[in-house]
Amino acid sequence: MTTSELGAQGRDGVLGAVARRAKRDLPFFLVAGAIFVLDQITKAIVRGNLAIGESWPSDGWLVKITHVTNDGAAFGVLQGQGLFLTITAVIAIGAIVFYYAFPPMEHGLLRMVMGLMLGGALGNLIDRLRFGEVTDFIDFPRYPEFNVADSSISVGLFLLVVFYVLSERRPEPQSDD
């Protein structure tokens, strides 16, 4: 085999490995991107069409779209702690990226769950950096308003806990030693 053939085979091996990794992790990137885009679009629509405090429809519905802002965390906790929450979001995003880059993210559900959480964390972080607060709008009676990013983070955390609880219940394979 010539040197050029060995070089081509090495490149194909590296490119093949990169292509396999990209295909395997495509759900992670697609979910994170879709959540981020959906979150930003819905918030922009609400900011562009409703004044702060305004609801649509105005009454008669169980669920409303109500434009509110939140400089705290979910459920109105940590109000006025924007810097702390921004730093926390950056650390959380770093942890998700670290977990992505260094497996054990081998299970497909984990890749999708981490994508949900990454997309949501990025969506709310962008709001904090751009506006100093997060736009919330999904309004259920007797429940704090929230947004797409909050929902994806909550669903992601719930699924992550369920995944690990169920995986802990599985018996370990017995060895024949």
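Details of the structure are given in the entry above.
Residues numbered from 1 in each chain as written. Predicted model: local features only at pLDDT ≥ 70, side-chain atom pairs only at ≥ 80, totals over all residues. Heavy atoms only, no water.

With that settled, the discussion passes to the overall build of the protein chain. From N to C terminus, the protein chain includes four helices and three strands. Taken from N to C terminus, the helices and strands of the protein chain fall in the order α-β-β-α-α-β-α. Pairs at least 24 residues apart make up 64% of the contacts formed inside the protein chain by residues separated by at least 6 positions. A total of about 11,200 Å² of accessible surface is found on the protein chain, and carbon and sulfur atoms cover 69% of it. (Helix = DSSP H or I, 4+ residues; strand = E, 2+ residues; numbered from the N terminus. Contact = heavy atoms within 4.5 Å. Areas by Shrake-Rupley, 256 points an atom, 1.4 Å probe, with all protein chains shown as cover.)

Our next topic: the environment of leucine 26. Position of leucine 26 among the secondary structure elements: in helix H1 (residues 3-49). Sequence spacing of leucine 26 and glycine 115 is 89 residues, and the spatial spacing of their C-alpha atoms is 9.9 Å.

Next up on the list: the pairing of strand E3 (residues 134-139). For E3, the buried fraction is high: six of the six residues fall into the buried class. Where strand E2 (residues 64-70) lies against E3, five bridges are found, and the strand directions are antiparallel. Pairing of valine 68 across the sheet is with aspartate 136, part of E3. (Buried < 20%, exposed > 50% of the residue type's maximum accessible area, 1.4 Å probe, protein only. Pairing = 2+ DSSP bridges.)

On to the nonpolar core, then. Phe28, Ile96, Met114, Met117 and Leu118 are the most contacted members of the largest nonpolar core, which totals 16 residues. The dominant element in this core, judged by the number of residues it contributes, is helix H3 (residues 108-131), at seven residues. By size, the runner-up hydrophobic cluster in this structure holds six residues, among which are Val46, Phe137, Phe146 and Val148. (Core = buried A, V, L, I, M, F, W, Y, C linked by side-chain atoms within 4.5 Å.)

Another point: unusual backbone geometry. Residues tryptophan 56 and proline 57 are joined by a peptide bond in cis, for which omega reads -15°. Tracing the sequence through the fold places proline 57 in the loop between strand E1 (55-56) and E2. Phi is positive for arginine 142, close to 55°, though the residue is something other than glycine. Mapped onto the elements, arginine 142 comes out in the loop between E3 and helix H4 (148-169).

Before going further, it helps to spend a moment on the packing of aromatic side chains. Applying the stated criterion to the full structure yields four aromatic pairs. For the pair phenylalanine 28 and phenylalanine 29, a centre-to-centre distance of 5.1 Å together with 75° between the ring planes defines the contact as edge-to-face. Residue classification places phenylalanine 28 among the buried positions, given a relative accessible area of 2%. Aromatic pair phenylalanine 163 and tyrosine 164: ring centres 5.3 Å apart, planes at 80°, arrangement edge-to-face. Three or more aromatic residues joined by ring pairs make a cluster, and in this case those are Phe140, Tyr143 and Phe146. (Phe/Tyr/Trp six-rings, centres within 6.5 Å; stacked < 30°, edge-to-face > 60°.)

In this model H4 runs 32 Å from its N-terminal to its C-terminal C-alpha over 22 residues, within 8% of the 32 Å that 1.5 Å per residue would give. Buried within H4 we find Val148, Ala149, Asp150, Ser152, Gly156, Leu160 and Phe163. (Expected span 1.5 Å × (residues − 1).)

The strand order across the open sheet built from three strands is E1-E2-E3, with neighbouring strands paired in antiparallel fashion. Looking at strand neighbours, the two that pair on one side only are E1 and E3, the edges of this open sheet.

Attention shifts here to the environment of threonine 88. Following the sequence through the fold, threonine 88 ends up in helix H2 (residues 82-101). For the pair threonine 88 and leucine 125, spaced 37 residues apart in sequence, the C-alpha to C-alpha distance is 9.6 Å. Looking at threonine 88, its side chain comes within polar contact range of the main-chain oxygen of phenylalanine 84, at 2.7 Å. (Polar contact = N/O pair within 3.5 Å; in protein donor to acceptor, adjacent residues only side chain to side chain.)

With that settled, consider the pattern of salt bridges. According to the stated counting rule, one finds four salt bridges in the structure shown. The closest approach of N and O atoms between lysine 43 and aspartate 39, which form a salt bridge, is 2.8 Å. With lysine 43 and aspartate 39 both in helix H1 and four residues apart, the pair spans about one turn of that helix. A salt bridge links lysine 43 to aspartate 127; its shortest N-O distance comes to 3.1 Å. Placement of the pair is lysine 43 in helix H1 and aspartate 127 in helix H3, with a sequence separation of 84 residues. The exposure classification of lysine 43 matches that of aspartate 127, with both residues buried. Salt bridges sharing partners connect three or more residues here, namely Asp39, Lys43, Arg47 and Asp127. (Salt bridge = Lys/Arg side-chain N within 4 Å of Asp/Glu carboxyl O.)

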